[in-house]
Number of protein chains: 2
Amino acid sequence: MTRVRMDLFVSLDGYTTSDPTPDDPMGPDWGRLTAAYTATRTFRERIFGDTSGAGTTGVDDTYAAAFFEGIGSEIMGAGMFGLHTFPDDPDWKGWWGDRPPFGTPVYVLTRTAPRPSISMDGGTTFHFRNAAIGDVLAEATDAAGGQDVRVGGGIGTALEFLRADLVDDLHLMVAPIVLGRGLRLWDGVPALDRSHTVTTEVAESGTIHVTFTREQHA
Amino acid sequence: MTRVRMDLFVSLDGYTTSDPTPDDPMGPDWGRLTAAYTATRTFRERIFGDTSGAGTTGVDDTYAAAFFEGIGSEIMGAGMFGLHTFPDDPDWKGWWGDRPPFGTPVYVLTRTAPRPSISMDGGTTFHFRNAAIGDVLAEATDAAGGQDVRVGGGIGTALEFLRADLVDDLHLMVAPIVLGRGLRLWDGVPALDRSHTVTTEVAESGTIHVTFTREQHA
């Protein structure tokens, strides 16, 4: 059964980013928010191709490894793909180089003119959709072939899915930092603990991992 | 050296209470927010006088025991004392019966007409002050005799002290629940991780304990 999964970085005070701009869509604190994740052995291997064995191997790495397992397709917002940063470049192919780390169909939500799909090395194909999130989710679910669908960022896209109660498995990586400003994760999000089981765990890095798991697909 | 300490209950989504009213100043979810704390052996012994040894003895209890150690005086808001619930009762002596659990001077911040101090059994004396929080803190520090000053609730009072950066030791007990609404802890609170050291720990109950410790008194 396909599940809809989401992994988010958030600060102790509930911000997913501070001061995002088109030129810096993740904001200036993104490195601090994701530091424990990018330090893991799994991330270094999967994203940087670093097979030296460097990187952390504790609790953070366990979650990082799970992150990459069992995803059959992905949905992301236009900003995460970079359409807001490079609105006038019809040849823009995302931030991830010739061989993006997804290896699956990736559905990019956009409200601008449709673009042709882009096939990349390594099995990633970007599709651009101007449609209701439920319709895109149905298409992504079909494309996942029984595996799971990940909803990536940005936070605007994530919040759309959370508010519509479409996420079965939510994993928060709460960095032990306080941003004091930014985009708030929780605005308008329903009380997920009524529909999902909650777990909490602290990693060696001080990062708090919180998971919400829906017992049955809605 | 006297330190200013604060212990707060908060949900995963950063709310300290939901739907508070004068008749129910802690709101309907207070029991869920504080469940892990009130289940501890220390709480049961110190608040209920239950010396049977019942109650949890894990991580939550370690923090609960620390909560009661080394406090020389306390500051709280009018609402926490009950002045908003019983505004017209000049004989109101708080919620805690004849022998309140504080055992120290307690400074109640109020904007209404001054009341005479009230001495209770067990060493608690309630003083009522209509003054700037810095002045009340100075008086409470003197009264603490070298021990620490706790700033209690409600959240309005807590936020005043946090926004003024007057808290040296902040302990958050993050319950693994989502409220979806209520009074937000973090509004206008500075980025405490720049001035304080942060620790995170998860208890057997799933409660996340977060501490912020200022290395040197400001």
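Residues numbered from 1 in each chain as written. Chains lettered and ligands numbered in written order. Predicted model: local features only at pLDDT ≥ 70, side-chain atom pairs only at ≥ 80, totals over all residues. Heavy atoms only, no water.

In the annotation of an unreviewed UniProt entry, chain A is listed under the name Deaminase reductase and assigned to Leifsonia poae.

(A) Looking closely at the sheet that holds strand β7 (residues 148-151) of chain A. Residue and element names in this part refer to chain A. On the basis of which strands lie adjacent, the open sheet formed by 9 strands has the order β5-β6-β4-β3-β7-β1-β8-β11-β10 and mixed pairing. Here the strands that pair on one side only, and so sit at the sheet edges, are β5 (118-119) and β10 (196-202). Of the pairings in the sheet, the one linking strand β8 (residues 169-175) to strand β11 (residues 208-214) comprises 6 bridges and is antiparallel in character. Across the sheet, Leu-170 pairs through a bridge with Phe-212, a residue of β11. Its contacts with the sheet put helix α4 (residues 59-67) on β1 (4-11), β3 (71-77), β7, β8, β10 and β11, and the angle it makes with β11 is roughly 40°. Contacts from helix α6 (residues 133-144) reach β1, β3, β4 (105-109), β6 (125-129) and β7 within the one sheet, and its direction differs from that of β3 by about 155°. (Pairing = 2+ DSSP bridges. Helix = DSSP H or I, 4+ residues; strand = E, 2+ residues; numbered from the N terminus. Contact = heavy atoms within 4.5 Å. Axes fitted to C-alpha atoms, helices over the stretch in contact; angles between N-to-C directions.)

(B) Looking closely at the pattern of salt bridges. All chains considered together, the criterion is met by 28 salt bridges over all chains. A salt bridge links Asp-7 of chain A to Arg-150 of chain A; its shortest N-O distance comes to 2.6 Å. With Asp-7 of chain A in strand β1 and Arg-150 of chain A in strand β7, this residue pair connects regions lying 143 residues apart in the sequence. Arg-150 of chain A carries the same exposure label as Asp-7 of chain A, and that label is buried. Residues Asp-19 of chain A and Arg-181 of chain A are paired through a salt bridge, measuring 2.7 Å at the closest nitrogen-oxygen approach. Of this pair, Asp-19 of chain A sits in the loop between β2 (15-17) and α1 (30-33) while Arg-181 of chain A sits in the loop between β8 and β9 (183-184), placing them 162 residues apart in sequence. On the basis of relative accessible area, Arg-181 of chain A is assigned to the partly exposed category, the value being 29%. Taken together, the salt bridges that share partners define one network made up of Asp-19, Asp-29, Arg-32 and Arg-181 of chain A together with Asp-193 of chain B. (Salt bridge = Lys/Arg side-chain N within 4 Å of Asp/Glu carboxyl O. Buried < 20%, exposed > 50% of the residue type's maximum accessible area, 1.4 Å probe, protein only.)

(C) How the structure looks around the nonpolar core. Within the largest apolar cluster, 67 residues are counted, with the highest numbers of intra-cluster contacts made by Leu-162, Leu-172 and Phe-212 of chain A together with Leu-162 and Leu-172 of chain B. Both domain 1 (1-19 + 26-69 + 168-218) and domain 2 (71-146) of chain A contribute no fewer than three residues apiece to this core. Discounting chain neighbours no more than four positions away, the residues touching Leu-162 of chain B are Met-6, Leu-8, Val-167, Leu-170, Leu-185, Val-189, Pro-190 and Leu-192 of chain B. (Core = buried A, V, L, I, M, F, W, Y, C linked by side-chain atoms within 4.5 Å. Domains from an automatic or database assignment.)

(D) Structural detail: the packing of aromatic side chains. Residue and element names in this part refer to chain A. Going through the model one piece at a time under the given rule, you end up with 32 aromatic pairs over all chains. On the basis of an interplanar angle of 90° and a centroid distance of 5.4 Å, the ring pair of Phe-43 and Phe-48 is categorised as edge-to-face. Overall, Phe-48 belongs to the exposed group, its relative accessible area being 59%. Pairwise contacts between aromatic rings join Phe-9, Trp-30, Tyr-37, Phe-43, Phe-48, Phe-67 and Phe-68 into one cluster. Residue placement shows Arg-150 over the ring face of Phe-67; its charged tip is 3.6 Å from the ring centre. (Phe/Tyr/Trp six-rings, centres within 6.5 Å; stacked < 30°, edge-to-face > 60°. Lys NZ or Arg CZ within 6 Å of the ring centre and 35° of its normal.)

(E) Local environment of the interface of chain A and chain B. Taken together, the contact between chain A and chain B spans 25 residues of the former and 26 residues of the latter. With both chains or domains summed, chain A and chain B bury close to 1,800 Å², and 59% of this area falls on carbon and sulfur atoms. Counting the surface chain A buries against chain B, the share from its top three residues, Val-178, Trp-186 and Thr-200 of chain A, is 29%. Joining chain A to chain B, the criterion identifies 4 salt bridges. Among the salt bridges present, the one from Asp-193 of chain A reaches Arg-32 of chain B, with a minimum N-O distance of 3.0 Å. (Buried area = accessible area lost by both parts, 1.4 Å probe.)

(F) The arrangement of the relation of the copies chain A and chain B in detail. For the pair chain A and chain B, the best superposition has an RMSD of 0.0 Å and corresponds to a rotation of 180° with a translation of 0.0 Å parallel to the axis. Put plainly, the chains are arranged around a two-fold axis. Within chain A, the C-alpha atom positioned nearest to the axis of rotation is that of Val-202 of chain A, 3.0 Å from it. By residue overlap, the copies meet face to face through one surface: 100% of the interface positions of chain A are interface positions in chain B. (Least-squares fit on C-alpha atoms with pLDDT ≥ 70 in both.)

(G) View of the pairing of β11 of chain A. Residues and elements named next belong to chain A. Buried residues dominate β11, accounting for 6 of its 7 residues. Of the strand pairs in this sheet, β10 and β11 are connected by 7 bridges, and their pairing is antiparallel. Bridge pairing links Glu-201 to His-209 in β11. The antiparallel hairpin formed by β10 and β11 contains 5 residues in its connecting segment, where Gly-206 sits at a positive phi of about 90°.

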